[in-house]
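Read off the chains here:
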Amino acid sequence: MKLFESPAVERLFDPRGAFDSWVTLVVVVGIFAALLLAKILIVWGTRSQRFSAATQIELAARLRSWLILVIVIVTPILLGAAYTVGAVWVLSLLCYREYARTVGIFRKPVVSIIVVICISALAFASIDHFDRLYFSISSLGIGVLVIGSVLEDQPKGFIQRVALGIFGFLLFGYSLGYLGLLTNTPHFRPLLLTIILAVEANDIFAYCCGKAIGGRKLLPNTSPGKTLSGAVGAVILTSLMVASLFHFLYADTPLDDWWLLLTLGILVSVVGQLGDLTLSSIKRDLGIKDFGKVIPGHGGWLDRFDSLVLVPPVVYHFISLFFEPLGIDQPMRLLTGG
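Treat the numbers as computed from the prediction; the structure is a model and nothing was measured.

S.K.: Could you clarify how one ought to interpret the overall build of the protein chain in this entry?
M.R.: Tallying secondary structure elements over the protein chain gives 13 helices and zero strands in all. Tracing the protein chain from N to C terminus, the helices and strands come up as α-α-α-α-α-α-α-α-α-α-α-α-α. Its C-alpha radius of gyration of 21 Å places the protein chain within 12% of the 20 Å reference for a compact globule of 338 residues. Taken along its principal axes, the extent of the C-alpha atoms in the protein chain is 60 × 55 × 35 Å. Looking at the protein chain as a whole, 47% of its 338 residues qualify as buried. Long-range contacts, defined as pairs at least 24 residues apart, comprise 73% of the intrachain contacts of the protein chain with a sequence gap of at least 6. Of the roughly 16600 Å² of accessible surface on the protein chain, 69% is carried by carbon and sulfur atoms. In the protein chain, the 26 positive side-chain charges and the 22 negative ones have mean positions that sit 13 Å from each other.

Here it is in structure tokens:
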């Protein structure tokens, strides 16, 4: 089709290459197989009366939410880079909105308007494949937040509102936005799907290992339900999963070394758990259980994607250590014409 003759347009909008990598197919099929298995287990637990009525309702709600979330997450990635960046932009705004309402910064519209503009600029830089612009927005955005708050001429609470704005922007805009930046790699689909699968599986591994083994609490004041055994079990299982999938994804490249791949897997697991604990610290500080109730059985967007917040930049920069700047072989500055 002439519509997709340009390599840049093909990467951004053409869904025909969705399954060019068999890793993509394996991950997608694996995710839906896991959901089917969960459904079977819920039905078995219900018929055998191993689950209480309340547990059945909660598990059913969680499964329905997961099915919708999987479709919402996987579909843009398969469609193309532009759709993926758009989805990341929306997720960043939703996460910041929940954060802003929770910490009260939404009452300072100047701060939130600047953060929204900066998050939108990050999405533009990702679609434009203008990496230098993306990286510069972190410092420039902080500067604009400071200046905008100064010009409000309200010194009372200045430090608090600027700090809260910067914290929200860096976590839910800049850090999470690296998912959009990763679309500039030629194999972004299996890469992003592997990252998301690993992060979500990491949570499941930690929960299952913690319940099965028990023992000492990890950080009892921050997250009373998490155990040291769960954290260690998640690191082991997640690192093996990441190493296995990335081995096929980066076969015959400088990254195709089991020690490097296991190191990457350990980083994904540890940073994923730290992201979860970071958001738990915010909730404990504010005395709340969840950031929202928009996802039945899960809470808010931040409750579901807390473990993902810190992982994307770690993966991006780790991979960059072994290659030329990521996506350097792809068309750059598509809109600004650099």
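S.K.: Hey, could you run me through a nonpolar patch on the surface in this one?
M.R.: Residues Leu-36, Leu-37, Ile-40, Leu-41 and Trp-44 make up a contiguous nonpolar surface patch of about 520 Å² in total accessible area. Structurally, the position occupied by Ile-40 is in helix H2 (residues 22-47).

S.K.: Looking at this structure, how should I read the packing of helix H5 (residues 109-128) against helix H7 (residues 158-175)?
M.R.: When two helices pack together, you describe them by how their axes are tilted relative to each other and by the distance separating the axes. The geometry of H5 relative to H7 is characterised by a closest axis approach of 10 Å and an angle of 25° between their N-to-C directions. The angle between H5 and H7 places the two elements in the roughly parallel class. For the pair H5 and H7, the crossing hand works out as right-handed. Residue-level contacts link Val-111, Val-115, Cys-118, Ile-119 and Leu-122 of H5 to Arg-161, Gly-165, Phe-169, Gly-173 and Tyr-174 of H7.

S.K.: Is there a simple way to think about the side chain of Asp-303 in this case?
M.R.: Counting through the fold element by element, Asp-303 comes out in helix H12 (residues 301-305). Asp-303 gets classed as buried once you look at its relative accessible area, which sits at 10%. Reaching out from Asp-303, the side chain makes a polar contact with the backbone nitrogen of Phe-291 at a distance of 2.8 Å. Residues within four places of Asp-303 in sequence aside, it is in contact with Lys-283, Lys-289, Asp-290, Phe-291, Gly-292 and His-298.

S.K.: Can you help me understand the side chain of Thr-183 in this one?
M.R.: Relative to the helices and strands, Thr-183 resides in the loop between helix H8 (178-181) and helix H9 (188-213). Since its relative accessible area comes to 0%, Thr-183 is described here as buried. Thr-183 has contacts with Arg-11, Ala-81, Thr-84, Val-85, Phe-188 and Leu-192, leaving out every residue within four places of it along the chain.

S.K.: When you look at the environment of Val-43 in this model, what are you seeing that I'm missing?
M.R.: Mapping Val-43 onto the fold places it in helix H2. Counting along the chain gives 13 residues from Val-43 to Gln-56, while the straight-line C-alpha distance between them is 8.9 Å.

S.K.: Just to check I follow, could you spell out unusual backbone geometry for this structure?
M.R.: Note: most peptide bonds trans; most residues except glycine with negative phi. Within the chain, Asp-252 stands out as a residue other than glycine whose phi angle is a positive 60°. Tracing the backbone shows Asp-252 in the loop between helix H10 (228-249) and helix H11 (258-286). Backbone geometry places Arg-333, a non-glycine residue, at a positive phi of 50°.

S.K.: So what exactly am I meant to see when it comes to the environment of Ala-81 here?
M.R.: Here Ala-81 is to be found in helix H4 (residues 81-103). It is 9.6 Å that separates the C-alpha atoms of Ala-81 and Thr-185, two residues lying 104 residues apart in sequence. Not counting residues within four places of it along the chain, the set of residues in contact with Ala-81 comprises Arg-11, Leu-12, Thr-183 and Phe-188.

S.K.: Can you walk me through the nonpolar core in this structure?
M.R.: A general tendency of soluble globular proteins is for nonpolar side chains to be buried together. The biggest cluster of nonpolar side chains holds 78 residues, and the ones touching the most others in it are Tyr-96, Phe-172 and Leu-191. In contact with Tyr-96, not counting residues within four places along its chain, are Ile-105, Val-111, Ser-112, Val-115, Ile-119, Gly-168 and Phe-172.

S.K.: What is the right way to read the packing of aromatic side chains from this model?
M.R.: Pairs of aromatic rings are described using the distance from one ring centre to the other and the angle between the two planes. Applying the stated criterion across every chain, the model contains 16 aromatic pairs. A cation sits over an aromatic face here: Arg-101 above Phe-106, 5.1 Å from the ring centre. In this structure, Arg-333 is placed above the aromatic ring of Phe-130, and the distance from its NZ or CZ to the ring centre is 4.0 Å.

Calculation criteria
Residues numbered from 1 in each chain as written. Predicted model: local features only at pLDDT ≥ 70, side-chain atom pairs only at ≥ 80, totals over all residues. Heavy atoms only, no water. Helix = DSSP H or I, 4+ residues; strand = E, 2+ residues; numbered from the N terminus. Rg over C-alpha atoms; globule rule 2.2 N^0.38 Å. Buried < 20%, exposed > 50% of the residue type's maximum accessible area, 1.4 Å probe, protein only. Contact = heavy atoms within 4.5 Å. Areas by Shrake-Rupley, 256 points an atom, 1.4 Å probe, with all protein chains shown as cover. Lys, Arg positive; Asp, Glu negative; His and termini not counted. Charge placed at Lys NZ, Arg CZ, Asp CG, Glu CD. Patch = residues over 30% accessible without salt bridge, like charges linked within 9 Å, V, L, I, M, F, W, Y side chains within 5 Å. Salt bridge = Lys/Arg side-chain N within 4 Å of Asp/Glu carboxyl O. Axes fitted to C-alpha atoms, helices over the stretch in contact; angles between N-to-C directions. Parallel < 35°, antiparallel > 145°, perpendicular 65-115°, else oblique. Left-handed = near helix turned anticlockwise from the far one by under 90°. Polar contact = N/O pair within 3.5 Å; in protein donor to acceptor, adjacent residues only side chain to side chain. Core = buried A, V, L, I, M, F, W, Y, C linked by side-chain atoms within 4.5 Å. Phe/Tyr/Trp six-rings, centres within 6.5 Å; stacked < 30°, edge-to-face > 60°. Lys NZ or Arg CZ within 6 Å of the ring centre and 35° of its normal.

Everything listed is a geometric property; what it means functionally is a separate question.
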